[in-house]
Amino acid sequence: MTSGAPADFRHVPVLLERIVDLLAPSLAEPGSVVLDATLGLGGHAEALLAACPNARLIGLDRDREALALAGERLAAYGDRVRGVHAVYDEVLAVLADLGVARAQAVLFDLGVSSLQLDDGGRGFAYRFDGPLDMRMDQSRGESAADLLATADAAELTRILRNYGEERFAARIARAILTQRAVRPITTSAELVQLLTATIPAASQRTGGHPGKRTFQALRIAVNDELRVWERALPAAIDALAVGGRIAVLSYHSLEDRITKTVLASGARSSAPVGLPVELPEHRPYLRLLTRGAEEASAAEQARNSRSASVRLRAAERLRETKGTR
């Protein structure tokens, strides 16, 4: 895909019809609000606005370029759309600033966007050469090149092992330190070259591209994705109106594990074992709308390779919980 192309050309939304099916029932009433907390290029947002004419949309993204492109794509919907530059763990603050008490639907499409993957200058993709940046918000924080230049071997090993599930994390960390003693690693191609030379050939033949796990790990670390997600999901549930629905698209097991734990906890009774009567405050406050994690169909995976790893979970809010706004 070509940089500078319209957003609807550059982006193929994953599980689009299923997302609309899940969220539209809670957006029928006039004034309903859908919070797209990861707006990206606006594909899911556009479909929801078209299917739910009574709803308005608040779209968050930490990437200013994505916000601008999505704004162009959604311009026809006028004042039904509000874009906000924010990270998705800031959902409660954003709604408060806009004077919105609750959202009737919330969507998270996690991970790296089509815009970021397809722009070699952002450093997210191992198939392109470019500056090793990987920041979703390029206006703040340290880049992947900064991280590789400053982290010690123990920290690099932890990042690669925990966020990339990389078997050769310690070996790669040592290679990075050896390389940066000669010259810093500043481009995607330099990092791929190091990984190709470091990871055993047999593992490369069976384990996919040698950069896959390391690039994922560095991206997650640079953007603090998992800790942000641990804060964002409970906040989004707090922002959800009773009867409202939340849907989450995850693309690796680390994100999906957090999603599964939080949604499953809300769908279980918290009553102590042996309590003869379940008090109202112990009743589940969520109802799961998916059985386990749903995957894209074989047909969709054939059309859109980025849907191959998606896991969808969704829930409906049943009641208020103690401490909610």
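For the structure itself, consult the block above.
Residues numbered from 1 in each chain as written. Predicted model: local features only at pLDDT ≥ 70, side-chain atom pairs only at ≥ 80, totals over all residues. Heavy atoms only, no water.

### Some words on unusual backbone geometry
Here is step 1 of the chain: With a phi angle near 50°, Glu-165 is a residue other than glycine that sits in the positive phi range.
Here is step 2 of the chain: Within the secondary structure layout, Glu-165 lies in the loop between helix H8 (153-164) and helix H9 (169-182).
Here is step 3 of the chain: Phi at Asp-224 is positive, roughly 50°, even though this residue is not glycine.
Here is step 4 of the chain: Positionally, Asp-224 belongs in the loop between helix H12 (212-223) and helix H13 (225-239). (Helix = DSSP H or I, 4+ residues; strand = E, 2+ residues; numbered from the N terminus.)

### A closer look at the packing of aromatic side chains
Here is step 1 of the chain: Under the criterion given, the structure shown has 4 aromatic pairs.
Here is step 2 of the chain: Relative to Phe-108, the ring of Tyr-88 lies with its centre 5.8 Å away and its plane at 80°, an arrangement referred to as edge-to-face. Within this pair, whereas Tyr-88 is found in the loop between strand E3 (81-85) and helix H5 (91-97), its partner Phe-108 is found in strand E4 (residues 103-109), the two being separated by 20 residues in sequence.
Here is step 3 of the chain: Relative accessible area serves as the criterion here: at 8%, Tyr-88 is assigned to the buried category.
Here is step 4 of the chain: Judged by centre distance (5.7 Å) and plane angle (80°), the rings of Tyr-126 and Phe-215 are edge-to-face. Placement of Tyr-126 in the loop between helix H6 (114-118) and helix H7 (144-150) and of Phe-215 in helix H12 is noted, with a sequence separation of 89 residues between them.
Here is step 5 of the chain: Aromatic rings pair up to connect Tyr-88, Phe-108 and Trp-229 into one cluster.
Here is step 6 of the chain: Lying over the aromatic face of Tyr-88, Arg-62 brings its terminal NZ or CZ to 5.8 Å of the ring centre. (Phe/Tyr/Trp six-rings, centres within 6.5 Å; stacked < 30°, edge-to-face > 60°. Buried < 20%, exposed > 50% of the residue type's maximum accessible area, 1.4 Å probe, protein only. Lys NZ or Arg CZ within 6 Å of the ring centre and 35° of its normal.)

### Notes on the packing of H8 against H12
Here is step 1 of the chain: It is the contact of H8 with H12, at a shortest axis distance of 8 Å, that shows an interaxial angle of 100°. By the angle between their directions, the pair H8 and H12 is classed as roughly perpendicular. Seen from H8, the contacting residues are Ile-159, Leu-160, Tyr-163 and Gly-164; seen from H12, they are Arg-213, Thr-214, Gln-216, Ala-217, Ile-220 and Ala-221.
Here is step 2 of the chain: Here the residues of the contact of H8 with H12 are counted per class, giving 6 nonpolar, 3 polar and 1 charged. (Axes fitted to C-alpha atoms, helices over the stretch in contact; angles between N-to-C directions. Parallel < 35°, antiparallel > 145°, perpendicular 65-115°, else oblique. Contact = heavy atoms within 4.5 Å. Nonpolar A, V, L, I, M, F, W, Y, C, P; charged D, E, K, R; others polar.)

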